[in-house]
Amino acid sequence: MTGTVLVTGGTGYIGGEVIDQLLADGWSVHTTVRDAAKSEPRLRARWSDAGERLKVFSADLLSDAGWAQATAGCDAVAHVASPFPMATPRDENDLIVPARDGTLRALRFAHEAGVTRFVQTSSAAAIAYGHGDKEHFDQNDWTNLAADPPPYIKSKTIAERAARDWVADNAPGMVFCSINPVAVFGPVYDGDLSTSVEIVKKMIDGSIPLLPDMGIGVVDVRDVAKMHVLALEAPAATVAGERFPASASFLWMRDMAASLRRRAPELSRKIPTRAMPDWLVGVLGLFMAEMKLIKGELGKVRDVSGKHSEDVLGFTFIPAEQSLEDTARSLTERGIVKL
Ligand code: NAP
């Protein structure tokens, strides 16, 4: 494929993989980072033979500066950048404002530059929260903001809603769709780890001594990136308005641990085997932000189906167990976890 795509957030886990696959597919890529002087050398080292096919621009989600330059000459945008921190901020607007306003900013500048296709990296966070005991979700479900979910979940839901409303009101001819991943795993490029990958890191390096009764959806970063590329390359009628959940399967933490022990026994010395009692999660939640978040997830199934995405985009998800094994192997092979 030829043409130019702006990938926002080229320093990120998913953004990097999207750039990788687009360059391999023949696209030219513009990417935004917060500070090009700081980040460009790292990106150039990763794609050392990209030359003029990769251009790096400074543009923050919170400011107009740089966006006109970054979108100029682009045919399409993959808007990946959004804050995804481990800790919950005291003020939810620290996440909501960059997520929502950054998306609207990217859309506005893209539209002004004549971009006709826009793929937003949304999240299962915009699908599967605030519905009581409901366990199974798909592309038709929306997180219920009236249930006052945690700030990150709000930020992704508000950003996707805002994007869809903006396109309907201001650029109805633009081909817009979202990719909605559950927790993303798979090979890592360097030690700047996404929050999701931290879960496997903490499991194999011994920082999680006991396994809480909690489950998560798992998807591979290579599949998430592939979905962005397919959404950019598919016929407009196939993707316009779509939501594409990215999810291989839902796994309990105890099953993630068991699968890693089985598939990579040499990396499993520190993987916990014993369960963390729910009461302990509650106590730890009093002074550990991560545990406070986990508390609401205990025993909860939140299974988002990726079948619609496989059917429409025409691919099969890498099995979750493979993805977890590849995460653990790359963390050790790259020396990020020393066992
Ligand atoms: P990541 O590695 O932390 O990447 C986040 C990216 O967003 C980074 O490039 C970061 O830039 C950029 N960013 C954050 N705040 C910014 C700001 N104010 N201005 C400009 N750039 C900003 O996380 P990721 O896992 O790749 O996540 C990428 C996207 O996927 C996010 O939209 C996230 O919500 C979504 N997602 C991720 C997962 C997952 O499990 N990983 C699941 C569902 C959805 P810096 O390097 O400068 O911080």
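Conventions adopted
- Residues numbered from 1 in each chain as written.
- Predicted model: local features only at pLDDT ≥ 70, side-chain atom pairs only at ≥ 80, totals over all residues.
- Heavy atoms only, no water.
- UniProt positions renumbered as here; feature names shortened; annotations may be inferred.
- Patch = residues over 30% accessible without salt bridge, like charges linked within 9 Å, V, L, I, M, F, W, Y side chains within 5 Å.
- Areas by Shrake-Rupley, 256 points an atom, 1.4 Å probe, with all protein chains shown as cover.
- Salt bridge = Lys/Arg side-chain N within 4 Å of Asp/Glu carboxyl O.
- Buried < 20%, exposed > 50% of the residue type's maximum accessible area, 1.4 Å probe, protein only.
- Core = buried A, V, L, I, M, F, W, Y, C linked by side-chain atoms within 4.5 Å.
- Helix = DSSP H or I, 4+ residues; strand = E, 2+ residues; numbered from the N terminus.
- Axes fitted to C-alpha atoms, helices over the stretch in contact; angles between N-to-C directions.
- Left-handed = near helix turned anticlockwise from the far one by under 90°.
- Contact = heavy atoms within 4.5 Å.
- Nonpolar A, V, L, I, M, F, W, Y, C, P; charged D, E, K, R; others polar.
- Near = heavy atom within 4 Å.
- Polar contact = N/O pair within 3.5 Å; in protein donor to acceptor, adjacent residues only side chain to side chain.
- Phe/Tyr/Trp six-rings, centres within 6.5 Å; stacked < 30°, edge-to-face > 60°.
- Lys NZ or Arg CZ within 6 Å of the ring centre and 35° of its normal.
- Pairing = 2+ DSSP bridges.

For the chain, the name recorded in an unreviewed UniProt entry is Aldehyde reductase, with Qipengyuania marisflavi as its organism. On record in UniProt, under Sequence similarities (unreviewed entry), the comment for the chain is "Belongs to the NAD(P)-dependent epimerase/dehydratase family. Dihydroflavonol-4-reductase subfamily."

## Let's talk about a nonpolar patch on the surface
A cluster of nonpolar side chains, contributed by Trp279, Val283, Leu286, Phe287 and Met288, occupies part of the molecular surface with about 600 Å² of accessible area. Judged by relative accessible area, which is 38%, Val283 ranks as partly exposed.

## What to know about the nonpolar core
Formed by 82 residues in total, the largest nonpolar core has its most connected members in Val7 and Leu22. Looking at which element gives the most residues to this core, the answer is helix H7 (residues 221–233), with 7 residues.

## Topic: the packing of helix H6 (residues 195–204) against helix H9 (residues 253–263)
Two numbers describe how H6 lies on H9: the axes approach to 11 Å, and their chain directions differ by 60°. Where H6 crosses over H9, the handedness of that crossing is right-handed. On the side of H6, the interface is formed by Ile199, Val200, Met203 and Ile204, while H9 contributes Met253, Met256, Ala257 and Leu260. Residues that form the contact of H6 with H9 fall into these classes: 8 nonpolar, no polar and no charged.

## Some words on the site of the ligand
Taken together, the neighbourhood of the ligand is formed by 25 residues, with Thr11, Arg34, Tyr152, Lys156 and Ser194 sitting nearest. Contacts to the ligand include Ile14, whose backbone N or O atom sits 2.8 Å from an oxygen atom. Its free accessible area being 890 Å², the ligand has 86% of it covered by the protein chains. For the shell around the ligand, the secondary-structure elements that each account for two or more residues are helix H1 (13–24), helix H5 (151–170) and strand S8 (183–185).

## Notes on the packing of aromatic side chains
For any two aromatic rings, the description comes down to two numbers: the centre-to-centre distance and the angle of the planes. The full count for this structure, using the stated rule, is 4 aromatic pairs. Look at Phe84 and Tyr152: their rings are 4.8 Å apart centre to centre, the planes differ by 35°, and that puts the pair in the tilted class. With Phe84 in the loop between strand S4 (76–79) and helix H4 (93–112) and Tyr152 in helix H5, this residue pair connects regions lying 68 residues apart in the sequence. On the basis of relative accessible area, Phe84 is assigned to the partly exposed category, the value being 37%. A relative accessible area of 22% means that Tyr152 is categorised as partly exposed. Here Phe315 and Phe317 contribute two aromatic rings whose centre-to-centre distance is 4.8 Å and whose plane-to-plane angle is 75°, an arrangement assigned as edge-to-face. Neither residue differs from the other here; Phe315 and Phe317 are each classed as buried. Over the ring of Trp142 we find Arg161; its NZ or CZ atom is 3.9 Å from the centre of that ring.

## Notes on the pairing of S4
Judged by which residues are buried, S4 turns out to be covered on both faces: Ala76 and Ala78 on one side and Val77 and His79 on the other are all buried. Bridging between strand S1 (residues 4–8) and S4 involves 4 bridges; their strand directions are parallel. Paired with Val7 across the bridge in S4 is Ala78. One ladder, built from 4 bridges, connects S4 with strand S5 (residues 117–121); its direction is parallel. Within the sheet, the bridge partner assigned to Ala76 lies in S5 and is Arg117.

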